[in-house]
Amino acid sequence: MPKRTDIKKILIIGSGPIVIGQACEFDYSGTQACKALRAEGYEIVLVNSNPATIMTDPEFADKTYIEPLTPEYVEAIIQAERPDALLPTVGGQTALNLAVELSEKGVLDKYGVELIGAQVKAIKVAEDRLLFKEAMWEIGLETPKSGAAYNFNEALEIVKIVGYPAIIRPSFTLGGTGGGIAFNAEEFEDLAQHGLDLSPSHEILIEESVIGWKEFELEVMRDLKDNVVIICSIENFDAMGVHTGDSVTVAPVQTLTDKEYQYMRDAAIKVIRKVGVETGGSNIQFAVNPQNGRLVVIEMNPRVSRSSALASKATGFPIAKIAAKLAVGYTLNEIPNDITKKTPACFEPTIDYVVTKIPKWAFEKFPETDPVLGTQMKSVGEVMAIGRTFKESFMKALRSLETGKKIGSEKLDFERVKERLITPNPDRLTYLRYAFELGYSVEEVQELTRIDRWFLSQLEEIARMGQQLREERIDSITPARLREAKRMGFSDLRLAFQLGATGEEIRQKRKEHGIVPVYKRVDTCAAEFESHTPYLYSTYERECEAAPSQARKIIILGSGPNRIGQGIEFDYCCCHASYALKEEGYETIMVNCNPETVSTDYDTSDRLYFEPLTFEDVMHIVERENPDGVIVQFGGQTPLNLALSLQAAGVPIIGTSPESIDLAEDRKRFGKLLSDLGIPQPPSGTAVSFEEAEVIAERIGYPVLVRPSYVLGGRAMVIAYDSRTLANYMDEAVDVSQDRPILIDKFLEDAFEVDVDTLSDGEDVVIGGIMEHIEEAGIHSGDSSCVLPTYLVKAEHLDTMRHYTRMLAKALNVIGLMNVQYAIKDDIVYVLEVNPRASRTVPFVSKATGVPLAKVAACLMVGRKLAELGLRDELKVDHFFVKSPVFPFMKFPGVDTILGPEMKSTGEVMGVSDNFGQAYAKAQMSAGVMLPRSGTAFISVNQHDKKNVIRIADRLHQLGFKLIASRGTMMVLREQGIPVDRVFKVYEGRPHIVDLIKSGKVDLILNTSLGKDSFYDERAIRRAAMQYHVPCITTLSGGAAVANGIAALQQQKIDVRSLQEYHEALSNGVLERSESGH
Amino acid sequence: MEALLALEDGLTFRGESFGAQEETSGEVVFNTSLTGYQEILTDPSYAGQIVTLTYPLIGNYGVNLQDEESRRPFAEGLIVREIARLSSNWRQEMSLPEYLCRHRLVGISEIDTRALVRHIRNHGAMRAMISTVDLDPESLVRRTQQTPAMVGRDLAKEVTCQKPYGWDEGPLDLFPDDKPADQKPSGSKVAGRLRVVAFDFGIKHNILRLLVDSGCELTVVPATTTADQVLALRPDGIFLSNGPGDPEPVTYAIRTIRELIGKKPIFGICLGHQLLGLALGGRTYKLKFGHRGGNHPVMHLQRRQVEITAQNHGFVVDLASLPEDEIEVTHINLNDQTLEGFRHRHHPLFCVQYHPEASPGPHDSRYLFEDFRSMMLNHKQ
Ligand SMILES: Nc1ncnc2c1ncn2[C@@H]1O[C@H](COP(=O)(O)OP(=O)(O)O)[C@@H](O)[C@H]1O
Ligand SMILES: Nc1ncnc2c1ncn2[C@@H]1O[C@H](COP(=O)(O)OP(=O)(O)O)[C@@H](O)[C@H]1O
Ligand SMILES: [Mg+2]
Ligand SMILES: [Mg+2]
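Everything quoted here is computed from the prediction, not taken from an experiment. (Residues numbered from 1 in each chain as written. Chains lettered and ligands numbered in written order. Predicted model: local features only at pLDDT ≥ 70, side-chain atom pairs only at ≥ 80, totals over all residues. Heavy atoms only, no water.)

Draft legend 1. Representation of the overall build of chain B. Scanning chain B for helices and strands turns up ten helices and 19 strands. Considering only C-alpha atoms, chain B reaches an extent of 65 × 50 × 40 Å along its principal axes. Here chain B holds 381 residues, and the buried ones make up 66% of them. Of the contacts made within chain B by residues no fewer than 6 positions apart, 76% connect residues no fewer than 24 positions apart. Summing over all exposed atoms, chain B offers an accessible surface of approximately 13,100 Å²; the carbon and sulfur share of this is 47%. Treating the 40 positive side-chain charges of chain B as one cloud and the 49 negative ones as another, the clouds have centres 3 Å apart. (Helix = DSSP H or I, 4+ residues; strand = E, 2+ residues; numbered from the N terminus. Buried < 20%, exposed > 50% of the residue type's maximum accessible area, 1.4 Å probe, protein only. Contact = heavy atoms within 4.5 Å. Areas by Shrake-Rupley, 256 points an atom, 1.4 Å probe, with all protein chains shown as cover. Lys, Arg positive; Asp, Glu negative; His and termini not counted. Charge placed at Lys NZ, Arg CZ, Asp CG, Glu CD.)

What follows is the structure, encoded as structure tokens:
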């Protein structure tokens, strides 16, 4: 069937901010869908609240709305745009849920919008666990025994039937939020209650446990002609009980015979037909009993998913792109396979390599929570690696993780090996190796972990090899042996550790003996047909298919796995660099190992190397490709950390020089530069011991901010008010960064923080954006909301910052992007830090100004000048653009939601309007914080804040809020004549504040930290606020912004406007060359 | 232990032996299925061939006696990237290396199979040898060049059964005692048993099982059985099986088939399809490197639907050579537009080039067995 011509305009809903369970894989799928449908001539209207996405670049849609993903706002967009159809299947759970809501509210009918890709009925059958089970029963497939409960008593009845352990799963939540395994009645009560709370439909499913069974996933596609194909099969290394998003997963399936696999395939086809997903991709999960092969269906996701992104990268088959085409009526056989060109997309990819995905967690950021893995997803990112054997791909994936730990420095607890194997946890892979080194047998480990023996025996082989290598020495090891180890995936650094040598020595020895990797292609067909797409991975084999060209070419190093502090923003920048350089006439080569991203789409760059971002792996690519330049500025800290060693090895790094990068990162030398330039900075020092640290702290005065050098996202950064905290810190921090000192800064209390992103070509400097943080310094810039343009910063300070920024760009001879963080206190502007690279805010500034900063920067790096590109003056904006962070606290029971200098947010959203209040309220709404329009506000602030809270309290009062406060705060407010009632703190009597929160009597909380004495009280308040969805503001500056936001909300205005319109009104001289775009 | 693989055009690969310690020769081909090495090895269509598996990890789930497709392995040898040291599956009875040794089959691992496949893709399927004895590349290449070629060889004769036999086993039930009562596999549809004579040119067990499943009472007969002998069994239908190698030299079967066309309903698979093509006056030719795998898209021309099919053939019937007034093309390969199935416009006869019985491979095309049954029932009336 040809494409439909009765629809012309299609609305696509994105997935919103990056959260655990929904990350940049949906930027990848959304971008593909936009591209594919536009190429077919459809007019695309896109809505997504996340500015850091490629899909929200104005050139990917005809109209791009960065607006809250709520029914009201999307309705307003529908009203303005009148799309013919809505594609809800590329924006994750968010888009699906929103589409269902719009349909149920009658919005789609009202405006005559047709859902394409999945119908409401199908979405419901797939997403409603109970309907799904019924449907499975009807087609003769088994699911675990279960029942649905809508209240706590029903839940108790059901658990009597299914027994313990029982799985609790709330309906319609993301990544298993609120779910878990209850091993006993006590755990059950907690989980059931929590789950009922969290499910939008107040429904939980209580299910028989099949923990320990094998877990599998199939990625299925179907078209309107009922052709169904399986794109990829995935086997989970971790058994059932660990969320697939937290499992090591492997493609293709390894341990099923053809009969068993085909049985599963038949089941998957039956499922997609029964559920009634008419077109597109779906993900179906199965569990298989390892004793007898009994198969049960676990769930189906009727949309593209994290796994489908992985499957696309694993096979070279672009699921989202094809799904979009199917949604407009094409059939699979009508769509060509991009890679072979000659064969159609209607086939099942076959692969001749093994793909391993390993998740990356961030438990170290949430020390109050147990690092235990279960049915709820906790990981914040993942890496994928491709190898010709499982061992090779596994080892490559491991080194892609960038743990930052030196090989051999892990602290392994001999006493707890069994425990660490039994309970799934982020360190289990290390303990598996350790167990084999200690002589555990595959059978013993299997019993403890329930991981399939096949996988275990593979790990055992690796462990054995490691042990044997330890007996050898660098000069005695035979080339054959070295090759064998490399073929198994051992990195040079690991070999160096085993052989007691340096990485460089290993590298030299290998090269002497010609032991270097070759590159093979990912081609969907195991070489049966010729591949036209250089999507490559390294392996130690005989034949190389890299076939590098003689063109002028640039390598762009990506940012590796997503983590808190380094996420989609950097991938965004890498993609932009690639787009821009292509337009400049270069061949672009991307190196990255993150399967979720747009950068690892084979379509993004001319060539894609799906490889770990280590010195060794990057050098091999450089040696093979011989590029004219390598860019390290866009991938966050990951490539930056390689800059010096790459340069030392003769790699042509373009843009700001590695020396300058190093200078900016080296506190001592950088401090000297600042004082030479006469730029103030907080007094500081570096220390390698507690004694040294204490001396410094005494000299500069407490409070001080301490942290290790060379980390991103404020990792392991704390504010120490006294020497005891400092001592504790020194004890723990040492393993974060072994041979780098601790940095100690004077902590500037109550200072404004400002971020500046700037472009420089070595001569001229153009400031891209000056962003004022809503929260004061001390809250990590990534966790603070910020607004462009600034609205409270004095003009003279803006000028000072402009001046400093220019000086710094010149002094560091920046070519490309630079980010400076300033703090303003007592009318002095301090520099907090300089990042001579793309920063987290680059996409935000680009969206606000309409100038793609990263593209410009890439052009500068290859020698273009700002003036040539039409950029002379500081970029302007003529609306308020607010960026707000999104936090994962919900996923980590027990953690405190207080903000600090260590970054905790996973993603961001943007709110735009013509006044600050509305822009802020929209950003908050997009971030999932529903500010109340009226009601009761609870205020409790520390001594220090008492004076300044008055203004805010008064404002809330004016806005019609009833105020309640703790005793101290109450007294201050009453003195000012503000009406306020007293409420008990937790230990003062009942009902206390937490009781009030739980009974829904509080609508807003303003609570600044009183210091550690009242810690318990405060934490209880903040936890309760989170659980009961009461906005809880922990800074005064945040409180003031919230009051502004509420004032705006009271106007009841729903304003929507596309980026294209915003940009048109501006005259920033959009980068001429890039305008035609992608 | 070391082993050497040599191709007739001089290319050699060193690897490790994982099966019998001896030598083997045959035409080297590749199969792109991700699963099913055991079915592939025991498929008699691979007689005369050394199979390269493109999926690099082989042996992971071991070998079980249920998954054999014939009485023994027929492939001449196996080429893989890595052989599993430990295999894991609840049905496994032995490891793949054990199985190879038991059947004196040569296997070579640690080969850059992708390089080999690309070579075959570019230069065509060719003769090869694997040896654990002669490790001298020059000598092994020379000896490879002296082995017989595939074209013109009647391999069906070598793999067919010696005398007729009955078969009454239905499809395998993977989970015999672990299934709710209402979803036991349908089993054979006992009502209206149909007598079917199945020619064994190298028939696979799963074909027999699926024929039983669709209600056939089977007599399997040797390739050389004559038309009179077949008709004497008073069959309701005749089945022509898959089999190895070049169809052209199987002249006796072509003659027999010609005599049977129009007399009884006929269903052919793979070699059976090619023999029908030849019997109807068509031509066959050899593909450069054949179709072997489980992911080939085939268009059902009438329904305009795509089936993902299992394939295993080196020769094809030339679409243009078939008489258009007699033959209707029913299936086309979407990858290269070659003929995948046809039926006769006047006689009860249809056949497919691919393997609806799969094993290994997807089950999309099982309806053909039902079609066969309907054809026989219609013809009976
Ligand atoms: N009945 C069960 N017994 C044991 N583990 C289960 C069961 N159901 C689900 N799980 C585990 O929980 C994870 C999440 O469940 P799933 O239904 O896939 O929800 P989600 O929508 O979060 O992906 C699965 O990946 C699996 O490991
Ligand atoms: N001297 C200081 N006084 C007050 N706050 C500071 C100071 N230095 C850093 N901060 C706060 O800590 C946060 C993280 O510090 P920063 O140097 O930007 O580290 P990162 O490299 O993680 O971005 C900043 O955003 C700022 O809010
Ligand atoms: Mg799931
Ligand atoms: Mg910072």
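From this point, things continue past the structure.
Draft legend 2. Just the overall build of chain A, in detail. Within chain A one finds 36 helices and 39 strands. A globule of 1078 residues ought to have a C-alpha radius of gyration of about 31 Å, and chain A, at 28 Å, matches this closely. Reported as C-alpha extents along the three principal axes, the dimensions of chain A are approximately 80 × 65 × 65 Å. Expressed as a percentage of the 1078 residues in chain A, the buried residues total 68%. For chain A, restricting intrachain contacts to residue pairs at least 6 apart in sequence, the fraction spanning at least 24 positions comes to 71%. Within the structure as shown, chain A displays about 34,700 Å² of accessible surface, and the carbon and sulfur contribution to it stands at 49%. (Rg over C-alpha atoms; globule rule 2.2 N^0.38 Å.)

Draft legend 3. Region of interest: a negative patch on the surface. A cluster of acidic residues, A:Glu186, A:Glu187, A:Glu189 and A:Asp190, forms a negative patch on the protein surface. Summarising the element assignment, A:Glu186 is placed in helix 8 (residues 185-198). (Patch = residues over 30% accessible without salt bridge, like charges linked within 9 Å, V, L, I, M, F, W, Y side chains within 5 Å. Salt bridge = Lys/Arg side-chain N within 4 Å of Asp/Glu carboxyl O.)

Draft legend 4. Quick peek at the packing of helix 18 (residues 492-499) of chain A against helix 19 (residues 503-512) of chain A. All names here are of chain A. Following both chains from N to C, one finds helix 18 and helix 19 inclined at 105°, their axes separated by 8 Å at the closest point. Here helix 18 lies roughly perpendicular to helix 19, going by the angle between them. Contacts between helix 18 and helix 19 involve Asp-492, Leu-493, Leu-495, Ala-496 and Leu-499 from the first element and Gly-503, Ile-506, Arg-507 and Arg-510 from the second. Residues that form the contact of helix 18 with helix 19 fall into these classes: five nonpolar, one polar and three charged. (Axes fitted to C-alpha atoms, helices over the stretch in contact; angles between N-to-C directions. Parallel < 35°, antiparallel > 145°, perpendicular 65-115°, else oblique. Nonpolar A, V, L, I, M, F, W, Y, C, P; charged D, E, K, R; others polar.)

Draft legend 5. Representation of the side chain of A:Lys360 in the model. Looking at the element boundaries, A:Lys360 is found in strand 15 (residues 354-360). Despite its burial, A:Lys360 remains without a salt bridge, the nearest opposite charge being carried by A:Glu364 at 6.4 Å.

Draft legend 6. Inspection of the interface of chain B and chain A at higher detail. On the chain A side, the residues contacting the 65 residues of chain B number 68 residues. Both faces combined, the contact of chain B with chain A buries some 5,600 Å², and carbon together with sulfur accounts for 48% of it. Taken as a group, B:Leu86, B:Trp90 and B:Arg114 account for 14% of the area that chain B buries against chain A, more than any other trio of residues on that side. Applying the counting rule to chain B against chain A returns 15 salt bridges. Residue B:Arg81 pairs with A:Glu541 through a salt bridge whose shortest N-O separation is 2.8 Å. Counting across the chain B and chain A interface gives 37 residue pairs in polar contact (both at pLDDT 80 or more). Only strand 2 (12-17), helix 3 (113-123), strand 15 (284-300) and strand 16 (305-317) of chain B provide two or more residues apiece to the side of chain B that touches chain A. Here the residues of the side of chain B that touches chain A sort into 26 nonpolar, 21 polar and 18 charged. (Buried area = accessible area lost by both parts, 1.4 Å probe. Polar contact = N/O pair within 3.5 Å; in protein donor to acceptor, adjacent residues only side chain to side chain.)

Draft legend 7. Region of the structure containing the sheet that holds strand 13 (residues 237-240) of chain B. Residues and elements named next belong to chain B. In spatial order, the strands read 10-12-11-13-14-19-18-17-15-16; together these ten strands make up an open sheet with mixed pairing. Only two strands of the sheet have a single partner each, and these edge strands are strand 10 (165-167) and strand 16. On average, each strand axis in the sheet is tilted by 25° relative to the strand beside it, whichever way the strands run. Relative to strand 12 (residues 216-222), strand 11 (residues 194-200) is paired through seven bridges, and the arrangement is parallel. Its bridge partner being in strand 12, Ala-198 is matched across the sheet by Val-220. (Pairing = 2+ DSSP bridges.)

Draft legend 8. Structural context of the coordination of the magnesium ion (ligand 4). The protein atoms donating to the magnesium ion (ligand 4) are A:Gln821 (OE1), A:Gln821 (NE2) and A:Glu833 (OE), with metal-donor distances spanning 2.3 to 2.7 Å. Of the two residues, A:Gln821 is situated in strand 31 (residues 815-825) and A:Glu833 in strand 32 (residues 828-835); the sequence distance between them amounts to twelve residues. (Donors = N, O, S within 2.8 Å, 3.2 Å for Na, K, Ca; no water.)

Draft legend 9. The site of ligand 1, seen in detail. All names here are of chain A. Near ligand 1, the surroundings consist of 21 residues, among which Arg-169, Val-210, Glu-215, Gln-285 and Glu-299 are the closest. At 2.8 Å from an oxygen atom of ligand 1 is found a side-chain nitrogen or oxygen belonging to His-243. Taking Thr-244, its main chain carries an N or O atom lying 3.2 Å from an oxygen atom of ligand 1. With the chains in place, 97% of the 550 Å² that ligand 1 exposes on its own is no longer accessible. More than half of the atoms of ligand 1 fall within 2 Å of the grid points belonging to the second largest cavity. Going through the elements one at a time, strand 7 (166-170), strand 9 (204-208) and strand 14 (295-301) are the ones with two or more residues in the shell around ligand 1. Among the residues making up the shell around ligand 1, the classes are represented as seven nonpolar, eight polar and six charged. (Near = heavy atom within 4 Å. 1 Å grid on protein atoms, 1.4 Å probe; cavity = no way out; pocket = protein on both sides within 12 Å on 5 of 7 lines; lining within 4 Å. Sits in = over half its atoms within 2 Å of the grid points.)

Draft legend 10. Examining empty space enclosed by the protein more closely. All names here are of chain A. Tallied over the entire structure, the rule returns 18 cavities of 30 Å³ or more. The calculated volume of the second largest cavity comes to roughly 650 Å³. If you go around the second largest cavity, you meet 46 residues; those closest to its centre are Arg-129, Arg-169, His-243, Gln-285 and Glu-299. Breaking the lining of the second largest cavity down by element, the ones donating at least two residues are helix 5 (120-127), helix 6 (129-138), strand 7, strand 9, strand 10 (214-222), strand 13 (280-288), strand 14 and helix 10 (306-315). Looking at the lining of the second largest cavity, the element that brings in the most residues is strand 14, giving five residues. Grouping the amino acids of the lining of the second largest cavity by side-chain chemistry returns 17 nonpolar, 18 polar and eleven charged. (Points joined across faces, edges and corners; volume = space filled by probe spheres on them.)

Draft legend 11. Broad picture of the pattern of salt bridges. Summed over the entire model, instances satisfying the criterion amount to 99 salt bridges over all chains. Across the pair A:Glu541 and A:Arg487 runs a salt bridge, and its minimum N-O distance is 3.4 Å. Of this pair, A:Glu541 sits in the loop between strand 18 (535-539) and strand 19 (553-557) while A:Arg487 sits in helix 17 (residues 479-487); the two residues are 54 residues apart in sequence, bridging distant segments of the chain. Each member of the pair, A:Glu541 as well as A:Arg487, is classed as buried. Beyond isolated ion pairs, a larger network of salt bridges with shared partners links A:Arg388, A:Arg487, A:Lys520, A:Glu541, B:Arg81, B:Glu110 and B:Asp112.

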